[in-house]
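Each chain, letter by letter, is given below.
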Amino acid sequence: MSNAYFNIQEPKNEPYNSYAPGTPERESLKKRLKELKSEVIEIPAIINGKEVRTENTSDVVMPHNHGHKLATLHQCGEKEVNMAIEAALEAQKKWAVMPWEERVAIFQKAADLVTGPWRDTMNASTMLGQSKTPQQAEIEAAGELADFLRFNAWYLAKIMNEQPYSPDGVWNRVEYRPLEGFIFAVSPFNFTAIAGNLPTSPAMCGNVVLWKPSTDSVYSNYFFMKLLKEAGLPDGVINFVPGRGAGVGDPVLNSEHFSGIHYTGSVPTFNHLWKTIGKNIDKYKTYPRVVGETGGKDFVFAHNSADIDELAIATLRAAYEYQGQKCSAASRMYVPESIWPGFREKFLGEVGKIKMGDVEDFTNFMGAVISRKAFDDITGYIDYAKEAEDAEIIAGGNYDDSVGFFVEPTVILTTNPKFKTMEEEIFGPVLTIYVYKDEKFDDALDLCDNTSPFALTGAIFAKDRYVIKKMSDRLRQTAGNFYINEKPTGAIVNQQPFGGARKSGTNDKAGSIINMLRWLSARAIKEVTVPPKDWRYPYMGEE
Ligand code: NAD
């Protein structure tokens, strides 16, 4: 029963801790890192609120020290998926009819747990399991995750208030129902915040969820699942079903009750999922919502009016923070010939100062790449560039997997604007630069637009306002998140709604009202106060 219209105060973005020497948060985080490292935990599935162990286990290790085991993971298959579907559908009976403000209260509490008593756990587990520095963990595993939870609650409240016009004698209403069936949330390894957002945004809207985390980030994701329980999330609303892709995905997509997918990850996986959904379409009770944010080949495009220092710093951070493993990471760059010598000197000078290593050493700027597979893929591209005639490596290019999966920040210079590493997503610390002739500026803009199938993020650097306008217009379809004199990474919830088009996804903008609308199915209700009692219309009267 709701006996009032409830308001949610407009949230503020969570401020970040600095972890500078001498700060209390630094000591506290170091202590938590030590505690977590000192034990090997079990990560079971969580179905209907109960821990479920399976025969199929694997080791969870630290990317920067792969000899160190953090956890034993219990992987799910068809049996556990069927249990989870049953649990979700049962939970739906109560959850879907619970007033929205009661649901939202749970996630508001979850946000305050993330930024309060669980902050160190979320950050430390993200650092150890995904090889993030304190800064990279703090901005997302604490900051962005809490922002998602708080702002989504606020967006939902706004949606509930969105009601139609009613003329005299009629009361029109719109009810925002959750979808009938369950949602499948499939998350990538690279952001704990995204992993947390994918199941919670539909759940907040009254949906029930099967959440399949990435096996490469399952360590921090499991702690978040436990946090949700502490926040009061009822059993069965979100079911945690870790496992290898198809082992979980195939039985999920085979269920007649599947009603939507909330996905973030690579293009090949999304294409596979979409095709499977298409193949099974006759099975489903309702047309599923398909929401997917995928890869990027994000660019930095400099005009000759750009400030070299600003360009160098922004590009360095965008290309190498979190080892280039952000969907928004800068991985191709266009620089005019006239500023190239000055930019090259400044940029390579700064790249040469980057320190890489164990993320527990807070002096490091970079950690390791996520896994053996990622290491092999990235170094394959570096080796390709080493052999190529139309490219040379002008910084980095070395790698070492003896202790952890370390790849040096690498810069490839190419004379071929369609060089493989200008086109394909590498998802590692590799930036490829193409130097264009100043008088071929327009052609270079065309190249930027046409070179890669993606359109996620992009940044332009220029001082001349006519030029900024021209670049912005010409590159309209090249990025869903477009930056002017700013790096192409670091989108913030409620400030830059995030997502791209073309092969970068369905652009349903995580961290915005646009995304929340995807998890609701409106029912329009018309009620008439005094219904007519005669079927004849006045025009039918005799003259
Ligand atoms: P991935 O495609 O390897 O995996 C993504 C998820 O899909 C994982 O949980 C994986 O286990 C799962 N999966 C794989 N096959 C499956 C199947 N058959 N059924 C069900 N699930 C299946 O991606 P990743 O390496 O974890 O993440 C990196 C990718 O994510 C990059 O391409 C990056 O650009 C993209 N990404 C995009 C955004 C965005 O907002 N656009 C944000 C973060 C990451």
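Each value, and the rule that gives it
Residues numbered from 1 in each chain as written. Predicted model: local features only at pLDDT ≥ 70, side-chain atom pairs only at ≥ 80, totals over all residues. Heavy atoms only, no water. Domains from an automatic or database assignment. Contact = heavy atoms within 4.5 Å. Buried area = accessible area lost by both parts, 1.4 Å probe. Polar contact = N/O pair within 3.5 Å; in protein donor to acceptor, adjacent residues only side chain to side chain. Helix = DSSP H or I, 4+ residues; strand = E, 2+ residues; numbered from the N terminus. Nonpolar A, V, L, I, M, F, W, Y, C, P; charged D, E, K, R; others polar. Salt bridge = Lys/Arg side-chain N within 4 Å of Asp/Glu carboxyl O. Buried < 20%, exposed > 50% of the residue type's maximum accessible area, 1.4 Å probe, protein only. Pairing = 2+ DSSP bridges. Axes fitted to C-alpha atoms, helices over the stretch in contact; angles between N-to-C directions. Parallel < 35°, antiparallel > 145°, perpendicular 65-115°, else oblique. Left-handed = near helix turned anticlockwise from the far one by under 90°. Core = buried A, V, L, I, M, F, W, Y, C linked by side-chain atoms within 4.5 Å. Near = heavy atom within 4 Å. Areas by Shrake-Rupley, 256 points an atom, 1.4 Å probe, with all protein chains shown as cover. Phe/Tyr/Trp six-rings, centres within 6.5 Å; stacked < 30°, edge-to-face > 60°. Lys NZ or Arg CZ within 6 Å of the ring centre and 35° of its normal. Arc of directions from axis to C-beta.

**Q** Which parts of the structure should I look at to understand the domain arrangement of the protein?
**A** The domain architecture assigned to the protein consists of domain 1 (78-294 + 505-525) and domain 2 (298-484). Contact with domain 1, which involves 17 residues of that partner, is made by 21 residues of domain 2. Taken together, the two surfaces of domain 1 and domain 2 that pack against each other cover about 1,500 Å², and 63% of this comes from carbon and sulfur. A per-residue breakdown of the area domain 1 buries against domain 2 is headed by Ser131, Gln136 and Phe189, which together make up 30% of the total. Summed over the shared surface of domain 1 and domain 2, the number is eight residue pairs in polar contact (both at pLDDT 80 or more). Breaking the side of domain 1 that touches domain 2 down by element, the ones donating at least two residues are helix 4 (119-130) and helix 5 (134-161). Ranked by residue count, the leading element in the side of domain 1 that touches domain 2 is helix 4, at four residues. Residues belonging to the side of domain 1 that touches domain 2 are distributed by class as follows: seven nonpolar, seven polar and three charged.

**Q** What am I meant to see in the pattern of salt bridges here?
**A** Opposite charge on two side chains permits pairing when their charged atoms draw close. Evaluation of the coordinates by the stated rule reveals 33 salt bridges. Lysine 31 serves as the salt-bridge partner of glutamate 35, at 3.5 Å between the closest nitrogen and oxygen. Linking glutamate 35 with lysine 31, this pair stays in helix 1 (residues 24-37), spanning four residues, or about one helical turn. Judged by its relative accessible area of 33%, glutamate 35 is partly exposed.

**Q** What is the right way to read the environment of serine 259 from this model?
**A** In this fold, serine 259 is placed in strand 10 (residues 258-264). Residue classification places serine 259 among the buried residues on the basis of a relative accessible area of 1%. Each C-alpha atom, one on serine 259 and one on leucine 179, is 6.6 Å from the other, the two residues being 80 residues apart in sequence. The contact partners of serine 259, leaving out residues within four places of it in the chain, are Leu179, Glu180, Gly181, Phe182, Ile183, Thr286, Tyr287, Pro288 and Arg289.

**Q** Just checking my understanding: could you explain the sheet that holds strand 5 (residues 65-74) for this structure?
**A** Whenever strands of a sheet pair, they do so through backbone hydrogen bonds, lying parallel or antiparallel. The strand order across the open sheet formed by three strands is 1-5-4, and the pairing between neighbours is mixed. Each end of this open sheet is capped by a strand with a single partner; those strands are strand 1 (41-43) and strand 4 (57-62). The mean angle between the axes of side-by-side strands here comes to 45°, regardless of whether they run parallel or antiparallel. Pairing of strand 4 with strand 5 involves six bridges; the strand directions are antiparallel. When the sheet's bridge partners are listed, valine 60 is paired in strand 5 with alanine 71.

**Q** Explain the sheet that holds strand 13 (residues 330-336) to me, please; I cannot follow it from the model alone.
**A** The seven strands are arranged 14-17-18-13-12-20-21 in an open sheet whose pairing can be described as mixed. Of all the strands in the sheet, the pair left with one neighbour each is strand 14 (391-395) and strand 21 (481-484). With direction set aside, neighbouring strand axes in the sheet form an average angle of 20°. By the bridge criterion, five bridges tie strand 17 (residues 410-414) to strand 18 (residues 430-436) in an arrangement that is parallel. Of the residues in strand 18, the one forming a bridge with leucine 413 is isoleucine 433. Lying over the sheet, helix 12 (residues 372-387) contacts strand 14, strand 17 and strand 18, oriented at roughly 115° with respect to strand 14.

**Q** What is the right way to look at the packing of helix 2 (residues 78-95) against helix 8 (residues 245-253) in this model?
**A** In a pair of packed helices, the angle between the axes and the distance between the axes together describe the arrangement. Packing of helix 2 against helix 8 brings their axes to within 9 Å, and their N-to-C directions diverge by 45°. The angle between helix 2 and helix 8 falls in the class oblique. Here helix 2 and helix 8 pass one another in a crossing that is right-handed. Between helix 2 and helix 8, the residues in contact are Glu78, Val81 and Ile85 and Gly247, Val248, Pro251 and Val252, respectively. Of the residues that constitute the contact of helix 2 with helix 8, the class distribution is five nonpolar, one polar and one charged.

**Q** For this particular structure, what's the right way to read the nonpolar core?
**A** Here is a general trend for soluble globular proteins: nonpolar side chains tend to be buried in one another's company. Core analysis: the largest hydrophobic core is formed by 102 residues, its most contacted members being Leu210 and Tyr219. The element that contributes the greatest number of residues to this core is helix 5, accounting for 14 residues. Discounting residues that sit within four places of it in the chain, leucine 210 has contacts with Val81, Ala84, Ile85, Ala88, Phe182, Ile183, Phe184, Ala185, Asn239, Val241 and Val252. With 37 residues, the next largest nonpolar core counts Val369, Ala374, Ala385 and Tyr434 among its residues.

**Q** Explain the site of the ligand here, please?
**A** Of all residues adjacent to the ligand, which total 28 residues, the nearest are Ser187, Lys212, Ser266, Thr294 and Glu425. A distance of 3.2 Å separates a nitrogen atom of the ligand from a polar atom in the backbone of glycine 245. When the ligand sits alone it has 860 Å² of accessible area, and the protein chains cover 86% of it. Looking at the shell around the ligand residue by residue, the classes come out as 12 nonpolar, 13 polar and three charged. Each of domain 1 (78-294 + 505-525) and domain 2 (298-484) accounts for three or more of the residues forming the shell around the ligand.

**Q** Can you help me understand the packing of aromatic side chains in this one?
**A** Aromatic rings considered in pairs are described by the distance between their centres and by the relative angle of their planes. Applying the stated criterion across every chain yields a total of 24 aromatic pairs. For the ring pair phenylalanine 375 and phenylalanine 405, a centre distance of 6.1 Å and an interplane angle of 50° mean the geometry is tilted. Here the residue phenylalanine 375 occupies a position in helix 12, and phenylalanine 405 occupies one in the loop between strand 15 (399-400) and strand 16 (406-407), the gap between them amounting to 30 residues. Clustering of aromatic rings is evident, with ring pairs tying together Trp211, Tyr219, Tyr222, Phe223, Phe224 and Phe240. Against the face of phenylalanine 191 rests lysine 132, its NZ or CZ located 4.2 Å from the ring centre. It is arginine 173 that lies over the ring of tryptophan 171; its NZ or CZ is 4.0 Å from the centre.

**Q** Looking at this model, I keep getting lost on the environment of lysine 297. Mind explaining?
**A** Relative to the elements of secondary structure, lysine 297 occurs in the loop between strand 11 (289-293) and strand 12 (298-302). For lysine 297, a relative accessible area of 2% corresponds to the buried category. Residues lysine 297 and phenylalanine 347 lie 50 residues apart in sequence; the distance between their C-alpha atoms is 20 Å. Dropping the residues within four chain positions of it, lysine 297 is found in contact with Ser331, Arg332, Thr421, Met422, Glu423, Glu424, Glu425, Ile426, Ser452 and Phe454. A polar atom in the side chain of lysine 297 sits 3.3 Å from the side chain of serine 331.

**Q** Quick question: what am I supposed to make of helix 15 (residues 465-474) here?
**A** Every α-helix winds through 3.6 residues per turn, so residues three or four apart in the chain are directed the same way. For helix 15, the set of buried residues is Val467, Ile468 and Met471. Angular distribution of buried residues about the axis of helix 15 spans 100°; they occupy a single face of the element. Exposed residues lying more than 90 degrees from the buried face of helix 15 are Arg465 and Tyr466. Buried residues in helix 15 make contact with strand 12, helix 14 (441-450), strand 20 (457-461) and strand 21. One side-chain oxygen at the N-terminal end of helix 15 lies 2.9 Å from the backbone nitrogen of tyrosine 466; it belongs to aspartate 464.

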